[in-house]
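Inside the fold
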Amino acid sequence: MKCWQYAAGEPWAITESALNKILVIASRQDVSLEGDSGALSKEPKFSTGVRHAQGVAILSVTGPLFRYANVFTAISGATSYELLANDFAAALDDPSVQAILLDIDSPGGEVNGCAELASRIFNARGQKPILAYASGDAASGAYWIASACDEIVVSETSGIGSIGVVAVYRDSTSSKATEIVSSQSPYKRLNPNNDNDRSRLQSRIDDLANVFIESVAKHRGVDPPTVIDGFGGGDVFIGKHAVNQGLADRVGTLVDTLNDMTTTLNPVLVRGSSFLVSEESLMTDHSTKAETNEQAVLSLDHLKKHHPGLIDAI
């Protein structure tokens, strides 16, 4: 299948600029979805790459989002829902992982597969703490996923929202291919320039958007009208304004967020301890489980000597 055939007509939960970039790639008619010239000749990936920090599994959600790994994910550094779901399931099953953090910087992506992953995350609530951190944007489909987590923390400059669904249809008059559609199936191929056909296409997109809105409402504990009226109507809110509108819970940094999670999971650890996460440790590639995952054992004598205030508090 050619990239354009895949992109055109596919419903997207993505920002305008990101979709335009995808369409630029898709417009190269000699590029197939499966890839060519060895574009996907590397060994197939089974994971997006997971970092670990003091019992927290950090899953990266970056770039445009697609249901499966394909030429788009290879070219643009996008994320596959399938691989992300594999990493999420593995983190849930791993007894050494006490909490899960989705580190998100994404404009959103394909609708197909997004609702399923978001539902999977939402249904896993209560098994382990699940938190979304918007290190960059968490827009459209990426926000759909973030909303399924227990809590959403954003940076001061994160763009949050863009709730809605879009699709792009190629004008049949400009297509090189010619199709003959069965006369018994007049609506199998719709022309966006025809008013009746356009209304049918609009209904499809609206139905998908309703699924998006109802999911966000369920995830955030509000009703759909609140999402429609108060969550921007497709607009994007920055940082604290997203918190004020109810799309996120608080503003913070990735390091502070991880340290908050670490001290919650391990109350004996106090801020300033060498066991907490640092910016330097996050910059290290932990695609496999780090040996430092093993929690340090603190003796009573050690606590009395180095943390007498903690002993008094206990």
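Located above this text is the structure these notes cover.
Residues numbered from 1 in each chain as written. Predicted model: local features only at pLDDT ≥ 70, side-chain atom pairs only at ≥ 80, totals over all residues. Heavy atoms only, no water.

Describing the overall build of the protein chain
- The helix and strand inventory of the protein chain stands at 13 helices and 12 strands.
- Buried positions account for 45% of the 314 residues belonging to the protein chain.
- Counted over contacts in the protein chain with a minimum sequence separation of 6, partners at least 24 positions apart contribute 69%. (Helix = DSSP H or I, 4+ residues; strand = E, 2+ residues; numbered from the N terminus. Buried < 20%, exposed > 50% of the residue type's maximum accessible area, 1.4 Å probe, protein only. Contact = heavy atoms within 4.5 Å.)

Some remarks on the nonpolar core
- With 51 residues, the main nonpolar core has L102 and I121 as its most contacted residues.
- If you list the elements that add at least two residues to this core, you get β3 (56–62), α4 (81–93), β6 (99–106), α5 (114–123), β8 (130–139), α6 (141–147), β9 (151–154) and α7 (195–220).
- Excluding residues within four positions of it along the chain, L102 makes contact with L59, V61, I121, L131, A132, Y133, I145 and C149.
- In terms of nonpolar packing, the next biggest core, distinct from the first, is built from 11 residues, I58, L131, L254 and M261 among them. (Core = buried A, V, L, I, M, F, W, Y, C linked by side-chain atoms within 4.5 Å.)

Some details on α4
- In this model, α4 (13 residues) spans 18 Å end to end at C-alpha, consistent with the 18 Å of a helix rising 1.5 Å per residue.
- All buried positions along α4 are accounted for by Y81, L83, L84, A85, D87, F88, A89, A91 and L92.
- The residue sitting at the N-terminus of α4 and contributing the capping side-chain oxygen is S80; that oxygen lies 3.2 Å from the backbone nitrogen of E82. (Expected span 1.5 Å × (residues − 1). Polar contact = N/O pair within 3.5 Å; in protein donor to acceptor, adjacent residues only side chain to side chain.)

Structural notes on the pairing of β3
- In terms of burial, β3 is largely enclosed, as 5 of its 7 residues are buried.
- Note that strand β2 (residues 50–53) and β3 share 4 bridges and pair antiparallel. Bridging from a neighbouring strand, R51 pairs with I58 of β3.
- Turn length for the β2-β3 hairpin, with the two strands adjacent in sequence and antiparallel, is 2 residues, and the turn residue Q54 shows positive phi of about 50°. (Pairing = 2+ DSSP bridges.)

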